[in-house]
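# Reading the structure
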Amino acid sequence: MQIIDVHIHVGHRFEWTQTAKDKWMDTGPYVPGLYDDLGKQQPGPYGDVIKKEGVTGGILIPEYSPRTAGVQPFERAKEIHEHHPELIPFANLNPNYHQDPLAAFEDQLHNGARGLKIHAIHGFFYANDKRLYPVYEKCEKQSLPVMFHAGTSMFRGAKMRYADPYTFDDVINDFPDMKVILCHGGRGFWYHIAEFLVKSYQNVFIDISGLPPKNLLKYFPSMKRFSHKYLFGSDFPGVPGIRKNFNEINQLIHDNTAMERIAFKNAYELFGFWNQGPFICTSSAI
Ligand SMILES: [Zn+2]
C-alpha cells in the first residue's frame, strides 16, 4: 500500500524553539539523520529518511510562529521539494508576522506552494481573523487546500483560546467551497466537533497526525464509515515512527479499502498529486 504523509514539518533545528525540541521533535528517533553539525536541515537526507519509511508523497509545512514554535520559513520546504519533487511545499501565514498576508501568500505561491497551513494557536490569532479572509477567498477560488492546526498544543506559550472550534466553523461556513483540513482533528477537547464538521460538510477533512493511533476510533467513532474524509499524517519529525504509526492504524482499521483511502487515495485526490510529474502511482493503488 502506498503512503502519503500529509503532515511533515521542515526547518533547521535551530529555527525551532527549545520547547518545540523538548516536547515534540526529540520524542522521535529521526533527529540524528536530518541535520548537519550546525543544525541545518539537509534537504536530500531529510526526504530520504521519510521515504525510507515507505512514504511516496507528502506535504511539507513551514511555520511562522516566533513566540511558540519558532520560524521555519517557506524556503525550507522549497529546498526539500527541489530534492524530492513528490514532497509538496505548502505556504504558511501568520497575520501577526506577515504585514500583508495576501502578498506574502502570493509570494509563497509564486515560489511553488500548493496550499496553505494555518497555525492559529501558535501564532496568537483566530482562524476566522478577517485579515486572512482575502487569502481564504483566493484559496476557495483556486481550489487550494487549507490546513488548520485544530486543537491544543503542548508548546510553552500556546494559548488555548486560539483553538476555539467555533472560529473554524465560521471559516467553513464563510467559505463553503474551500477545502479544509482539520489537522489533529480537534486534539485535546473537541474531537467530537471535528468529527461532526467532517460528517456535515463535504469539503472538510481530518488529518490524524499527532494522535496516538490506538485511540483513533475512540476519538472518531465514525472514522471507518467516513474513511473518505480522513488523511494519514505523521507530524514528522516528532513522531515515534511513520511506518510504526501506519502499521498500528492499519491494524486498528482492519479494512484494506478504508485504509487505502486514509493512507493514500484521499490525499492523492485532495492535494492534486497527479500534477506532480515524477510522482509514481500504480493504478491498483487508487
Ligand atoms: Zn504539526
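You'll find the structure just up there.
Residues numbered from 1 in each chain as written. Predicted model: local features only at pLDDT ≥ 70, side-chain atom pairs only at ≥ 80, totals over all residues.

### Details of the packing of helix α2 (residues 43-51) against helix α3 (residues 74-83)
Packing of α2 against α3 brings their axes to within 8 Å, and their N-to-C directions diverge by 70 degrees. Relative to α3, the element α2 is oriented roughly perpendicular. Contacts between α2 and α3 involve Pro43, Gly44, Tyr46 and Gly47 from the first element and Glu79, Ile80, Glu82 and His83 from the second. Split by residue class, the contact of α2 with α3 holds three nonpolar, three polar and two charged. (Axes fitted to C-alpha atoms, helices over the stretch in contact; angles between N-to-C directions. Helix = DSSP H or I, 4+ residues; strand = E, 2+ residues; numbered from the N terminus. Parallel < 35°, antiparallel > 145°, perpendicular 65-115°, else oblique. Contact = placed C-beta atoms within 7 Å. Nonpolar A, V, L, I, M, F, W, Y, C, P; charged D, E, K, R; others polar.)

### Considering the packing of helix α10 (residues 242-253) against helix α11 (residues 256-270)
When two helices pack together, you describe them by how their axes are tilted relative to each other and by the distance separating the axes. Following both chains from N to C, one finds α10 and α11 inclined at 145 degrees, their axes separated by 9 Å at the closest point. Crossing of α10 against α11: the hand is right-handed. Where α10 abuts α11, its residues Phe246, Asn250 and Ile253 lie against Ala258, Met259, Ile262 and Ala263. Partitioning the contact of α10 with α11 into residue classes produces six nonpolar, one polar and no charged. (Left-handed = near helix turned anticlockwise from the far one by under 90°.)

### Focus: the pairing of strand β9 (residues 180-187)
Of all eight residues in β9, eight are buried; the element is thus mostly enclosed. Pairing of strand β8 (residues 146-151) with β9, which is carried by five bridges, proceeds in the parallel orientation. Directly across from Val146, in β9, lies its bridge partner Val180. Read as a crossover between parallel neighbours, the route from β8 over helix α7 (residues 165-174) to β9 is right-handed. Bridge count between β9 and strand β10 (residues 204-207): four bridges; the pairing is parallel. Its bridge partner being in β10, Val180 is matched across the sheet by Val204. Crossover β9 to β10 through helix α8 (residues 191-200) is right-handed. (Buried ≥ 20, exposed ≤ 12 C-beta atoms within 10 Å, placed from the backbone. Pairing = 2+ DSSP bridges. Right-handed = clockwise from strand over helix to strand, strands pointing away.)

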